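Chain and residue survey
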Amino acid sequence: MNRDEEDRRRAFVGLLASPVVDRRRDRELFGLVRDPRHRPELVSWFRTRLGYRLVITDTAARLFRLPLGDTVIAPRRVVTPPRRILVLALLAAAAAEDAEDVTTTQDLSDRVRVLSAREDTGVSAYEPDRYAERKAFAESVRLLASTGALAPLAAGDGDQQDSWARRSDKVGATYGVQREMLLRMVDPASLAAALGQRGPTFDDDAERFTVMRRLIELPVCLYSDLTEPERAYLIRQRSRIVSWCTEMTGWTVEQRAEGLALIAAEEAHTDLAFPRMRAVDFASLLILDELYRCRDEMGVVTESDLVAAVAEVAQRHPKSITAEIATDTLRRDRALELLRALDLLRPGLRPGLWQLTPIAARYRDPEVIAVTTRIEEPAP
């Protein structure tokens with residue numbers, strides 16, 4: 001592999017991890033994406049293999065993960081921001097459009113208060129006199145800054161936001177309004193899908209897009225999750241799909257009877273590495289192993305199996321139990337949250353049942369060498 005191929009892969013993987021690339025914040029990645037040696041192929045690859053749209057301007061790049069009809073296949077965040085914070089972030093984005101090129105948290109807060117009070121806005125009125133609302137608004141502005149729509153003009157943005165939430169006589173952090181990124185925050189087709197409206201269809205390419213998105217984004221494509229046309233496409237084009245994935249990522253494609261899995265070369269390339277060196281992951285891994293042992297021939301376990309596995313892990317490895325998973329309920333809930341985010345465990349066909357996916361077999365029979373004081377420390 002030559003240097004150009006390596007850089008193109010870095011650009012491709014970088015865009016998957018950060019669909020919004022700002023020239024100022026991500027100078028190196030932006031340079032790779034905009035490089036004339038890579039730009040045409042990246043735009044073409046995303047369009048023809050995945051059905052995505054990559055927009056590159058002089059100051060930023062934005063990858064739009066367009067829905068297929070009304071479905072978006074992309075990893076969900078393990079912990080999503082509360083709905084109120086998302087609503088306030090959208091209102092703050094609308095307010096920023098009318099703000100000066102340089103604005104502050106307080107200025108945006110004042111504008112959002114007026115905007116949310118309008119009857120046609122259709123949201124609960126924003127009440128900045130309440131600490132909970134100010135705290136949520138500070139989080140929403142922080143979220144907006146993470147999209148590149150607001151550019152902090154000084155270091156310590158987080159500290160200033162916290163201070164603003166606690167004291168009404170503060171102006172908060174100062175931001176430059178990035179109007180181009182504001183316009184590119186939301187794609188009309190994605191917004192329509194979020195509102196339950198069916199987007200454009202891709203009759204000729206739908207099977208390819210679905211299979212490729214599952215592999216590139218999730219990154220496991222199980223035959224059992226596909227429709228008959230999608231399954232037929234994967235069987236027919238299996239070698240080509242493996243070649244495409246390897247070409248743009250450099251990662252390994254595992255081919256199993258249940259489907260394909262794209263294995264990243266480095267842990268840093270995954271959005272949710274597992275298991276990490278923390279108590280929740282340790283407990284979840286061992287709970288998963290207990291469930292794998294007691295599954296039926298269809299990979300189904302019961303809620304009772306889950307409760308028993310949670311108790312068994314605590315009894316066998318008491319040193320691994322930290323405050324965040326101190327009770328059976330906490331251990332169960334945190335393990336479920338993580339295992340479901342990793343798609344290792346799904347709700348069963350009936351209440352009280354859970355379904356292990358074939359991916360769970362990759363983690364069977366873990367060898368516990370030692371539970372050290374390091375793993376007992378809470379994750380940072």
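Residues numbered from 1 in each chain as written. Predicted model: local features only at pLDDT ≥ 70, side-chain atom pairs only at ≥ 80, totals over all residues. Heavy atoms only, no water.

In terms of regular secondary structure, the protein chain is built from 16 helices and 12 strands. A compact globule built from 380 residues should have a C-alpha radius of gyration of about 21 Å, and the protein chain, at 23 Å, falls within 12% of that. Considering only C-alpha atoms, the protein chain reaches an extent of 60 × 50 × 40 Å along its principal axes. Across the 380 residues in the protein chain, those meeting the buried criterion constitute 45%. When the accessible surface of the protein chain is split by element, carbon and sulfur atoms take 50% of a total near 20,300 Å². (Helix = DSSP H or I, 4+ residues; strand = E, 2+ residues; numbered from the N terminus. Rg over C-alpha atoms; globule rule 2.2 N^0.38 Å. Buried < 20%, exposed > 50% of the residue type's maximum accessible area, 1.4 Å probe, protein only. Areas by Shrake-Rupley, 256 points an atom, 1.4 Å probe, with all protein chains shown as cover.)

So, about the domain arrangement of the protein chain. In terms of domains, the protein chain is made up of domain 1 (1–64), domain 2 (83–183), domain 3 (202–270) and domain 4 (279–362). Here the C-alpha centre of domain 4 lies 39 Å away from the C-alpha centre of domain 2. (Domains from an automatic or database assignment.)

Here we take up the sheet that holds strand β6 (residues 174–177). Pairing within the open sheet is antiparallel, and its 3 strands lie in the order β4-β6-β5. Both outer strands of the open sheet, β4 (102–104) and β5 (150–152), are each paired with one neighbouring strand and no more. Pairs of neighbouring strands in the sheet enclose a mean axial angle of 40 degrees, with direction left out of account. (Pairing = 2+ DSSP bridges. Axes fitted to C-alpha atoms, helices over the stretch in contact; angles between N-to-C directions.)

End to end, helix α1 (residues 3–17) covers 21 Å across 15 residues, agreeing with the expected 21 Å (1.5 Å per residue, within 8%). Of the positions making up α1, those classed as buried are Asp 7, Arg 8, Ala 11, Phe 12, Val 13, Gly 14, Leu 15 and Leu 16. Regarding α1, its N-cap is Asn 2, as a side-chain oxygen of that residue lies 3.1 Å from the backbone nitrogen of Asp 4 further along. (Expected span 1.5 Å × (residues − 1). Polar contact = N/O pair within 3.5 Å; in protein donor to acceptor, adjacent residues only side chain to side chain.)

In terms of burial, strand β9 (residues 259–263) is a largely internal element, 4 of the 5 residues being buried. Where strand β7 (residues 220–222) and β9 come together, 3 bridges link them in antiparallel fashion. Bridging from a neighbouring strand, Cys 221 pairs with Leu 260 of β9. Sheet topology note: the strand β8 (residues 252–256)/β9 ladder contains 5 bridges and is antiparallel. Residue pairing across strands places Glu 254 opposite Ala 261, the latter belonging to β9. As consecutive antiparallel partners, β8 and β9 are separated by 2 residues.

Bringing the pairing of strand β2 (residues 53–56) into the picture now. Bridge count between β2 and strand β3 (residues 60–64): 4 bridges; the pairing is antiparallel. Looking at the pairing, Arg 53 lines up with Phe 64 of β3. Counted between consecutive antiparallel strands, the loop separating β2 from β3 contains 3 residues.

So, on to the packing of α1 against helix α2 (residues 27–34). Between α1 and α2, whose axes approach to 9 Å, the crossing angle comes to 115 degrees. For the element pair α1 / α2, the angle class is roughly perpendicular. Two packed elements cross with a definite hand, and for α1 against α2 that hand is left-handed. Packed against α1, whose contacting residues are Asp 7, Arg 10, Ala 11, Gly 14 and Leu 15, the element α2 presents Glu 28, Leu 29, Leu 32 and Val 33 at the interface. (Parallel < 35°, antiparallel > 145°, perpendicular 65-115°, else oblique. Left-handed = near helix turned anticlockwise from the far one by under 90°. Contact = heavy atoms within 4.5 Å.)

Below, the discussion takes up helix α14 (residues 303–316). Structurally, the α-helix is built with 3.6 residues per turn, so residues lying three or four positions apart point the same way. An ideal rise of 1.5 Å per residue puts 20 Å on 14 residues; α14 measures up with 20 Å between its terminal C-alpha atoms. Turning to α14, its buried residues are Leu 306, Ala 309, Val 310, Val 313 and Ala 314. Taken around the axis of α14, the buried residues stretch over an arc of 130 degrees, which confines them to a single face. Among the exposed residues of α14, those pointing more than 90 degrees away from its buried face are Ser 304 and Gln 315. Buried residues along α14 sit in contact with α13 (279–294), β10 (300–302), α15 (328–341) and β12 (353–356). (Arc of directions from axis to C-beta.)

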